[in-house]
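Report on the structure
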Amino acid sequence: MQRGAALHNDAPSGTLARVTIAEHREPNDMQARALWVVGPGRGELRTEVLDPPAPDEVLVRTLYTAVSRGTESLVFHGHVPPGEYARMRAPHQAGDFPAPVKYGYCNVGRVERGPDSWVDRAVFCLYPHQTRYVVPTGAVVPIPSAVPPARAVLAANMETAINGVWDAAIRIGERIVVIGAGVVGSLVAYLARRVVGCEVQLVDIDERKRSIADAFGVSFALPDQAWSDVDCVFEASGSPEGLVQGLERAGPEARVVVLSWFGDQVVPLPLGQAFHAWRLRILSSQVGSLPPEQRSRWNYQRRLALALRLLEDDALDALVTAQTPFEGLPETMPQIADPATFVLCHRIVYG
């Protein structure tokens, strides 16, 4: 599911990893292999040598990463518009768009070296697909003991869902439709259902995603069965048709919250008909910025810590529908990034 454009590029932890290409022998724990996109639809593993961690840094060994099928698919296929290159940079990206570039932001690992209080802790970091990496301690967030590390790869998507719910300002008892049952859309439905009195419907063109709605305790519908006259619509389909349907299902003075990022697509919208008479509002939700109402009390690390705490529910394991080993990622990435492939969260296993 589409995560969105700018990915925490202004966050306090937004520092690039310090790496050099391996040219001589180094201790094994200071060598790393990473996935690089080297051209449209092509990836390869490259070996790097890491600088030893400074006193305020940690060396992390990756346990799992996840592929964000929305944003990473656009990056993998070279569909990032030139005007968005700066905003699209991930916190620990290396290289530049369109390629070669090392990109990703769903990394779960275990600290191998660093301050004593960090060693052997399971942590989440907005880092690309790489076997080991060195980052400042402020760039990692501890994973709560009640959250299995394998599930913690959902944290970045949960952050996006949290931001979307904040932007929508959901009210008690509202009737809500979420269009697009990818990972982000499903997590939005999961959170919205927990607002007292709210009725939530998850809409998707794929009947197989009904099981996700069942696991999360929300209604499921194919597009032609979606509720009408609703108070709030979340569009998370990644499809222009999904946004059009969102406008059709919204009731008078409803909010239509757009979570998809359409890359270089042009999205035509029917802004005639009832759009003005019903005073519909189209709201952009972007995880790279905190909503104005939250900024005085929240920062990126606090939001990420909240996202990790919200992953304690075993029902969320339903979102992980496939996993493959890291060493095979260059061969499997084209299939993962193919919209025709049925997969929600695709987890990558290391070691």
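Okay, so let's go over this structure. Because the structure is predicted, anything quoted here is derived from the model rather than measured. (Residues numbered from 1 in each chain as written. Predicted model: local features only at pLDDT ≥ 70, side-chain atom pairs only at ≥ 80, totals over all residues. Heavy atoms only, no water.)

**Points about the overall build of the protein chain**
- Broken down by element type, the protein chain carries seven helices and 18 strands.
- Summarising its shape, the C-alpha atoms of the protein chain cover approximately 70 × 40 × 35 Å along the three principal directions.
- Looking at the protein chain as a whole, 56% of its 351 residues qualify as buried.
- In the protein chain, once contacts between residues fewer than 6 apart in sequence are set aside, the share between residues at least 24 apart is 70%.
- Approximately 14,400 Å² of the protein chain is accessible, and the part contributed by carbon and sulfur atoms is 51%.
- Side chains of the protein chain carry 33 positive and 39 negative charges; the gap between the two charge centres is 3 Å. (Helix = DSSP H or I, 4+ residues; strand = E, 2+ residues; numbered from the N terminus. Buried < 20%, exposed > 50% of the residue type's maximum accessible area, 1.4 Å probe, protein only. Contact = heavy atoms within 4.5 Å. Areas by Shrake-Rupley, 256 points an atom, 1.4 Å probe, with all protein chains shown as cover. Lys, Arg positive; Asp, Glu negative; His and termini not counted. Charge placed at Lys NZ, Arg CZ, Asp CG, Glu CD.)

**A word on the state of the cysteines**
- This structure, assessed with the given rule, holds zero disulfides.
- Cysteine cysteine 125 remains unbridged, with the sulfur of cysteine 106 as its closest cysteine sulfur at 11 Å.
- Just so you know, cysteine 198 is unpaired, no disulfide at all, and the nearest cysteine sulfur is the one on cysteine 232, 9.0 Å from it. (Disulfide = S-S within 2.5 Å.)

**Some points on the pairing of strand 11 (residues 175-179)**
- Most of strand 11 sits out of view: four of its five residues are buried.
- Sheet analysis places strand 11 next to strand 12 (residues 199-203), joined by five bridges and oriented parallel. The residue bridging valine 177 from the neighbouring strand is glutamine 201, located in strand 12.
- Each parallel crossover has a hand, and the one from strand 11 via helix 3 (residues 183-192) to strand 12 is right-handed.
- Relative to strand 14 (residues 230-235), strand 11 runs parallel, the two being bridged by four bridges. In the sheet register, valine 178 faces strand 14, and the bridge partner there is phenylalanine 234. (Pairing = 2+ DSSP bridges. Right-handed = clockwise from strand over helix to strand, strands pointing away.)

**Let's talk about the environment of glycine 242**
- Following the sequence through the fold, glycine 242 ends up in helix 5 (residues 240-249).
- Separated by 34 residues in sequence, glycine 242 and histidine 276 place their C-alpha atoms 20 Å apart.
- Discounting residues that sit within four places of it in the chain, glycine 242 has contacts with Ile179, Glu235 and Ser237.

**What to know about helix 7 (residues 329-336)**
- Regarding helix 7, the residues found buried are Leu329, Pro330, Met333 and Ile336. Burial along helix 7 is one-sided: seen end-on, the buried residues are contained in an arc of 110°. In helix 7, the exposed residues that point more than 90 degrees away from the buried face are Glu331 and Gln335.
- Residues of helix 7 that are buried in the fold lie against strand 2 (31-39), strand 3 (42-50), strand 4 (57-67), helix 1 (71-76), strand 17 (320-325) and strand 18 (345-349). (Arc of directions from axis to C-beta.)

**So, the pattern of salt bridges**
- As enumerated under the stated definition, the model contains 17 salt bridges in all.
- The salt bridge partner of glutamate 48 is lysine 102, with a shortest N-O separation of 3.3 Å. Within this pair, whereas glutamate 48 is found in strand 3, its partner lysine 102 is found in strand 6 (residues 101-102), the two being separated by 54 residues in sequence.
- On the basis of relative accessible area, glutamate 48 is assigned to the buried category, the value being 1%. (Salt bridge = Lys/Arg side-chain N within 4 Å of Asp/Glu carboxyl O.)

Function cannot be read off these values alone, since they describe shape.
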